[in-house]
Amino acid sequence: MTNVATLTSGLSSTWFGSGLSEASVERLAGFARVYESPARARLLREGDETKELSVLIEGRVALTEHVAGRGSVTLMTVEPGDVFGWSSFISPFKATSTVVCLEPVKVIAIDAASLRDEMRSNCELAAGIYPRLLEAVARRLGATRQQLLDVYGSDQGDRW
């Protein structure tokens, strides 16, 4: 069993947890668990209910999506310190991609329903978490934009 000190230390060592107050990190740890998975394990499946916000501590995971006629396509790779499962905060709480381990991983998974409930009454925690979730979404949008530019790069120049 993982203790709160181990969880708080793990969370604080990431960009997601650093800068949060000690009380907020401890509160997050109260809703969290640590798990490990081997390479090639599927952690989330696109379209399934997302019950946890996960912080990757060790290893790398791929975010993939099924594309008609092409099969599974990797959208981006998540590195240690980053999060996945942020769709657990946006109704209907469905995974927007499949998450597959590229190598063995260690993850801190935070129960999203408990965290959402806590954030309704704990303004300090909400004020710390929401900007970090937005940053995670912005990182995904930036990576997607870059991938689109790589795939569909324009050699016609700017037409605007």
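Draft legend 1. Representation of the sheet that holds strand β5 (residues 71–78) within the structure. If you walk across this open sheet you meet the four strands as β2-β7-β4-β5, and the pairing is antiparallel. Two strands close off the open sheet at either side, each with one partner strand: β2 (42–44) and β5. Within the sheet, the average angular offset between the axes of one strand and its neighbour, ignoring direction, is 35°. In this sheet, strand β7 (residues 98–101) lies alongside strand β4 (residues 61–67) in antiparallel orientation, the contact comprising four bridges. Across the sheet, residue Leu63 finds its bridge partner in β7, namely Val99. The sheet contacts of helix α4 (residues 123–152) involve β4 and β5, and relative to β5 the element is tilted by about 125°.

Draft legend 2. Here's a closer look at the side chain of Asp82. Along the chain, Asp82 turns up in the loop between β5 and β6 (83–84). Salt bridges are absent for the buried Asp82, whose nearest opposite-charge side chain, Arg139, sits at 4.0 Å. Apart from the residues lying within four places of it in its own chain, the contact partners of Asp82 are Trp15, Ser54, Val55, Leu56, Arg139 and Arg140.

Reading the values: rules and limits
Residues numbered from 1 in each chain as written. Predicted model: local features only at pLDDT ≥ 70, side-chain atom pairs only at ≥ 80, totals over all residues. Heavy atoms only, no water. Pairing = 2+ DSSP bridges. Helix = DSSP H or I, 4+ residues; strand = E, 2+ residues; numbered from the N terminus. Axes fitted to C-alpha atoms, helices over the stretch in contact; angles between N-to-C directions. Contact = heavy atoms within 4.5 Å. Buried < 20%, exposed > 50% of the residue type's maximum accessible area, 1.4 Å probe, protein only. Lys, Arg positive; Asp, Glu negative; His and termini not counted. Salt bridge = Lys/Arg side-chain N within 4 Å of Asp/Glu carboxyl O.

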